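# Descriptive structure summary
Listed below, chain by chain, are the residues.
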Amino acid sequence: ELRDLPLLPNETADADEEDDLVRLSRNLQWMIRRIRMRERELTQRTLDLETAYQRMRELALMDPLTGLANRRHFFEHLQVELPVAKDSSRPLSLLLLDIDYFKKVNDVYGHPGGDCILNGVGELLRQAVTPREMAARIGGEEFAVLLPGAEAEEAAVRARGILEAVRK
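A brief structural summary. From a predicted model like this one, the values you see are computed outputs, not experimental measurements. (Residues numbered from 1 in each chain as written. Predicted model: local features only at pLDDT ≥ 70, side-chain atom pairs only at ≥ 80, totals over all residues. Heavy atoms only, no water.)

With that settled, consider the overall build of the protein chain. The helix and strand inventory of the protein chain stands at four helices and three strands. Starting at the N terminus and walking to the C terminus, you meet the elements of the protein chain as α-α-β-α-β-β-α. For the protein chain, with 168 residues in total, the buried portion stands at 24%. Considering only intrachain contacts with a sequence separation of at least 6, the fraction spanning at least 24 residues in the protein chain is 60%. Carbon and sulfur atoms provide 57% of the accessible area of the protein chain, an area that totals close to 12500 Å². (Helix = DSSP H or I, 4+ residues; strand = E, 2+ residues; numbered from the N terminus. Buried < 20%, exposed > 50% of the residue type's maximum accessible area, 1.4 Å probe, protein only. Contact = heavy atoms within 4.5 Å. Areas by Shrake-Rupley, 256 points an atom, 1.4 Å probe, with all protein chains shown as cover.)

Strand order across the open sheet formed by three strands is 1-3-2, with antiparallel pairing between neighbours. On the outer flanks of this sheet lie strand 1 (92-98) and strand 2 (134-137), each paired with one strand and no other. Adjacent strand axes in the sheet meet at a mean angle of 15°, parallel and antiparallel pairs treated alike. Against the sheet, helix 3 (residues 102-128) contacts strand 1, strand 2 and strand 3 (142-148), and its axis sits at roughly 5° relative to strand 3. Sheet strands in contact with helix 4 (residues 152-167) are strand 1 and strand 3, and its direction is about 25° off that of strand 1. (Pairing = 2+ DSSP bridges. Axes fitted to C-alpha atoms, helices over the stretch in contact; angles between N-to-C directions.)

Before going further, it helps to spend a moment on the packing of helix 3 against helix 4. Between helix 3 and helix 4, the least distance of the axes is 10 Å, while the angle of their chain directions is 145°. Crossing angle aside, the handedness with which helix 3 passes helix 4 is right-handed. In this structure, helix 3 contributes Leu124, Leu125 and Ala128 to the contact, and helix 4 contributes Arg158, Ile162, Ala165 and Val166. (Left-handed = near helix turned anticlockwise from the far one by under 90°.)

The following block contains the structure:
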């Protein structure tokens, strides 16, 4: 490759120097390829770590059965929303839901039956909230829905809508 280039005015055609330049060029090209390969590996590892971090965060903040926020995440979110509502004089409504006779469901249908009920209620709550709101499983068969900006009347309407969806 380098042998085909014309000599510059200050260059000599000394074969040893040319061989050194060729070797140096090959070594440099090899190092560049290795650096690029390592860069791709590091980029992939970074993406893998970001994916793992997101999964760990999801596991730490979400209830695995219902896919809703878990108790810890709900109360952390509530601690943020309470001062915001107070400082801005904006209403903040909280719905608490408890599945009646849940122990009986587990006794009759076993834990798989109970899990099915919990998952179904979780799905209904996911559909009932907007991205600004939060639904969470805060206990065995206990759920909470946080409605920032919702006055008591609106919260009551939303609660009735959720109750009707659960009844169906």
